[in-house]
Structures are given as C-alpha cells and as structure tokens.
Amino acid sequence: MSDFGNKTVSGLIKNYYSKALNMAPDRLAEREFGFGSFSSRIAVRHTSFATERELHSYLADSAPLHVDYSAAYYRHPAAQMDKKEWLGSELRFDIDAGDIVKLPCRIEHGKEWSCDKCLKAAKEEVIKLIENFLVPDFGFSQREMEINFSGNRGYHVHIRKESVLSLSKSAREEISSYIFGNEPDYAAFFYTTRVDARHEKQMGPSPNDGGWRGKVAKAFLDAAHSKEDLTSLGIDKTTASWIFRNVAKVREEVSKGNWDFVRIPNRESVFENLLSRQVINQGNRIDKGVTNDPSHLMRLPNSIHGGTGLIAKKVPSLAALDIFDPMKGAVAFREGELKVKVDSKYKLTINGAEFGPYKNEEKTLPTYAATYLYLKGLADIVDSK
Ligand SMILES: [Zn+2]
C-alpha cells in the first residue's frame, strides 16, 4: 500500500460511482450506512441519505473504499443506536468460501487467496441454501430473495418479505441454527406403536415429513440405491446388501415411517452422516451474527469491494447465478493499464486471462488485474501509465 496506489484506486472508485446508477436499496431513507477507508474497515457509521441523489453524490465525492448498509430499517437511521427506533430488519445470509470446512484448494493456496474453485464451492452452498432450505422449509419464493456476489469470495442472500421483518434476534438464531446444522435430537425422531397385544413397531421419519426429519429420510432412500453409498454412510456390509436387495420394499416402508423394517445397528451415526452431507458448509457460522443480528451492516449491492476492486454485484436470479462467473461478471475497472511492482506466488485468473505468478517484477497489467493484486497486498502501483 502506498499513497500513490491509494490515490489511484480512489480515483478509479470515484469514476465508478460517478457513473453508477441505481445504487439505492429499498426504503433508502430508513437505512443506516457505514463506510470504510484504507485504514479502517468501518471508519464511519450512523449515516443516512434522504434521497438517491444524496447517496449518489456522497459516493461520487468521497469514493469510499467500502460501503455498507444496515439490515434494519430505522425511524432515525443516523442517530446513535439507542435512539434509532428499529422498524424491522431483512433476513440475511452470508456464505463465504473462507468458511467452508475442508476445502481442498485452500490447503494449497492458504486463507488469504481465493481461486475459481473457492468461488464455485461458495456458489454451490448458496444454491443448496436456497433450494434445500429457504424455498422448501421456509416457503420463500425465489422472487422474494436477492442474491449478491460479496465482491470477494462469497455471496449474500437478502430476504425482505413482510413476514421476516419483525423477527426477533432469537427467532433469527433459531433459523440459522436449523440451516447451519445444530444437531437435531435423533432419538426424538423415533417412537414405538403397538401393533397388537404382543407386537410393537418402531416408527420414524418419512420423506414426506417437514424439516430435518424429511431431509434425513429422503437422503437415506437416495443412498439405498447404491451399496457403496450405504457403506459410505457407515452401514455395515451385510446390512447394506440387505437394504440394497430389498430397496423397493424399503422405500415403501420408510415412506410410511416404518423403520422397524430397516434395522440399522448404528442408526444415530448414520443419521449424523446423512445430515452432514446436506447441511450448509460454513463452519461455525452460527456465532457470526450476520443472520442473527438485526442491526448488522453488510456490503451494499453493486458497490466496490475495497479488498479486491470487484463489484459486489447483484445476481438477478438463481438461474443467472448458475452461469455467473464473478471473476468476469463483477470486474469493474475495465479501462486502461497500470504499472505495478508485483510479488505474487498465485496465478490470478480474471476477465478470462491469467496473470502471474510473479517474482518481484515490474509489469504493466490491465487496471482490474493491477488493482486486484494491489488491494490483496501483493503489488504496489508505481505508475498510472
Ligand atoms: Zn481455492
């Protein structure tokens, strides 16, 4: 980082915001804003804007490195916390490749870097979040969700449906703990019913049940079609072969909730494995407060991420997300070149081209590649060419 480098980047950001349209979130005047600089991630907060024009001229004049806005709507968004008067908060989810446990590429390139595999893995978790939880379990429609690239290595999902706005902190905690997989009580999934005077039957989850009960039963039936899949869940070979041979009958009985028909000795650990396959892989996200904290600030969609120079770009739909490549679609500074002194052991793939690795070399690179490396702390900008 250098004065010249910072000044160059600020100039690029200024230019971006002077042309950027539609930066205002819904109910703009009720949102708190925060801004970050080169020295502090959130340097200013408790700011608000009455109109889109005010927001636009602030961004174009000050060229902040980071722009955040509140999940909450307030009567007085610029007041101190206890005077703001909370009116409600959208529900937000933050999926970050940096929080995916056991991501193989990260072992190679470390925590500070992100590659296309990281971005792809984060995207898969977002699709899982929407398709396996938000739509079927909470009944949100895709129209009620907004998906944004975070600008670095993940995605944000916002839900603004009327019914979520007034959710309390503890209700939000329950939602995130359900989605991010606080272990359910498997023993409570089962109960016995009396068939006749001498016989009892063990009943349990069926694929038609809601929540984790249905998910676990469905995943079990999916696995029942393959002996390998069954043993990979920790079921012994003899039991796995029996389930596989009787798969049609197993399906019929489990669909009725009859687990008496399927005797799995280590059922709890098998269920744990079925759950861990489906849970959103975000490590210990429950503690991180993005979903739980109704006053949380998060990056403004379509603003510049000051750690990469990429746009925290809105993705219009789930279908669009499927083909979205942030290292192409979120590139901001497309014009010109910058001369940098760069020392990077990584290969940067951006805008369809590859840059590096570089060993303490002077290079003239496209502006977007130079700023990315500069903001990652791997290059210094020495000339604006
Ligand atoms: Zn990676």
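Rules behind the numbers
- Residues numbered from 1 in each chain as written.
- Predicted model: local features only at pLDDT ≥ 70, side-chain atom pairs only at ≥ 80, totals over all residues.
- Helix = DSSP H or I, 4+ residues; strand = E, 2+ residues; numbered from the N terminus.
- Buried ≥ 20, exposed ≤ 12 C-beta atoms within 10 Å, placed from the backbone.
- Contact = placed C-beta atoms within 7 Å.
- Domains from an automatic or database assignment.
- Nonpolar A, V, L, I, M, F, W, Y, C, P; charged D, E, K, R; others polar.
- Pairing = 2+ DSSP bridges.
- Core = buried A, V, L, I, M, F, W, Y, C linked by C-beta atoms within 7 Å.
- Axes fitted to C-alpha atoms, helices over the stretch in contact; angles between N-to-C directions.

Draft legend 1. Quick peek at the overall build of the chain. Along the backbone of the chain there are 14 helices and 17 strands. If one aligns the C-alpha atoms of the chain with their principal axes, the spans along those axes are about 85 × 50 × 30 Å. The buried share of the chain, reckoned over its 385 residues, is 38%. Within the chain, residue pairs in contact and separated by at least 24 positions form 64% of the contacts whose partners lie at least 6 positions apart.

Draft legend 2. Focus on the domain arrangement of the chain. Partitioning the chain into structural domains gives domain 1 (3-180 + 282-329), domain 2 (186-278) and domain 3 (337-383). Relative to domain 3, the C-alpha centre of domain 1 lies at a distance of 26 Å. The interface of domain 1 with domain 3 comprises 14 residues on the first partner and 14 residues on the second. Among the secondary structure elements, those contributing two or more residues to the side of domain 1 that touches domain 3 are helix H1 (3-19) and helix H13 (326-329). Examining the composition of the side of domain 1 that touches domain 3, we find that five residues originate from one element, H1, more than from any other. Its residues assigned to classes, the side of domain 1 that touches domain 3 shows five nonpolar, seven polar and two charged.

Draft legend 3. Structural context of the pairing of strand E10 (residues 200-203). With four bridges joining them, strand E9 (residues 191-194) and E10 adopt antiparallel strand pairing. Following the sheet pairing, tyrosine 191 is matched in E10 by methionine 203. Two successive antiparallel strands, E9 and E10, enclose a turn made up of five residues.

Draft legend 4. Here's a closer look at the nonpolar core. Of all hydrophobic cores here, the largest spans 65 residues; its most connected members are Ala122, Leu129, Val340, Ala369, Ala370, Leu373 and Tyr374. Counting residues per element, this core draws most heavily on helix H4 (residues 116-134), at eight residues. There are two domains that each give this core at least three residues, and those are domain 1 (3-180 + 282-329) and domain 3 (337-383). Excluding its chain neighbours within four sequence positions, the residues that come into contact with tyrosine 374 are Gly5, Val9, Val340, Ala379, Asp380 and Ile381.

Draft legend 5. Inspection of the environment of threonine 367 at higher detail. Topologically, threonine 367 is positioned in helix H14 (residues 367-375). Threonine 367 sits in the buried class, given 22 other C-beta atoms within 10 Å.

Draft legend 6. Main features of unusual backbone geometry. For the peptide bond that leads from glycine 356 to proline 357, omega is 0 degrees, which places it in the cis range. Position of proline 357 among the secondary structure elements: in the loop between strand E15 (353-355) and strand E16 (358-366). One non-glycine residue with positive phi stands out, namely lysine 102, at about 60 degrees.

Draft legend 7. Just the sheet that holds strand E1 (residues 33-36), in detail. Taking strand neighbours across the sheet as the criterion, the four strands line up as E2-E1-E3-E11 in an open arrangement whose pairing is antiparallel. The open sheet has two edge strands, strand E2 (44-47) and strand E11 (297-299), and neither has a second partner. Each neighbouring strand pair of the sheet contributes to a mean axis angle of 30 degrees, computed without reference to strand direction. Bridging between E1 and E2 involves two bridges; their strand directions are antiparallel. Note on E2: the bridge partner recorded for phenylalanine 33 is threonine 47.

Draft legend 8. The arrangement of the sheet that holds strand E12 (residues 314-315) in detail. Read across the sheet, four strands follow the order E6-E8-E7-E12 without closing on themselves; strand pairing throughout is antiparallel. Of all the strands in the sheet, the pair left with one neighbour each is strand E6 (91-96) and E12. As paired strands, strand E7 (residues 145-149) and E12 are joined by two bridges and run antiparallel to one another. When the bridges of E12 are listed, asparagine 148 appears paired with lysine 314. Helix-sheet contacts for H4 involve E6, E7 and strand E8 (154-159), and the interaxial angle to E8 is about 25 degrees.

Draft legend 9. Focus on the environment of leucine 233. With respect to the helices and strands, leucine 233 occurs in the loop between helix H8 (227-232) and helix H9 (237-245). The class for leucine 233 is buried, based on 20 C-beta atoms found within 10 Å. Along the primary structure leucine 233 and leucine 91 are separated by 142 residues, whereas in three dimensions their C-alpha atoms are 34 Å apart. In contact with leucine 233, not counting residues within four places along its chain, are Ala223, Val270, Asn273 and Leu274.

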